[in-house]
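# Survey of secondary and tertiary structure
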Amino acid sequence: MPSSPSAANTCPRCHSDAQVKAKLVLIGRASPRLLFPDEERAGYRRRDQLAIDECSTENLQKAPLQQFVPGFYCHACGVGFVTNSILK
């Protein structure tokens, strides 16, 4: 019996893991909240971007490789994504 796909590596767009591969994903160096503190809306969370300062430190590599985090890439959709466990 085939095993069910893991929720962690299921593509958020097509909801399949058939074309998903583990990859290092490049994220932003700083979030807009850090760069423009007066312009960020309170409680607003961007789902399409991620930056170093939004990740827990145990999931980041040592400098200068901090922007590369373990994640996944769906070749069918062209979408890179990470699990919620790396967020602060």
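Everything that follows concerns the structure shown earlier in this document.
Attention now moves to a nonpolar patch on the surface. A cluster of nonpolar side chains, L24, L26, L65 and F68, forms an exposed patch at the surface whose accessible area comes to about 380 Å². By secondary structure assignment, the location of L24 is in strand β1 (residues 20-26).

Let us now look at the pairing of strand β2 (residues 68-74). Looking at chain direction, β1 and β2 are connected through seven bridges and run antiparallel. Note on β2: the bridge partner recorded for V20 is C74. With three bridges connecting them, β2 and strand β3 (residues 79-81) associate as antiparallel partners. From the neighbouring strand, C74 faces β3, where its bridge partner is V79. Between β2 and β3, which pair antiparallel in sequence order, lie four residues; one of them, G78, sits at a positive phi of approximately 75 degrees.

Here is what the cut-offs are and how they apply
Residues numbered from 1 in each chain as written. Predicted model: local features only at pLDDT ≥ 70, side-chain atom pairs only at ≥ 80, totals over all residues. Heavy atoms only, no water. Patch = residues over 30% accessible without salt bridge, like charges linked within 9 Å, V, L, I, M, F, W, Y side chains within 5 Å. Areas by Shrake-Rupley, 256 points an atom, 1.4 Å probe, with all protein chains shown as cover. Salt bridge = Lys/Arg side-chain N within 4 Å of Asp/Glu carboxyl O. Helix = DSSP H or I, 4+ residues; strand = E, 2+ residues; numbered from the N terminus. Pairing = 2+ DSSP bridges.

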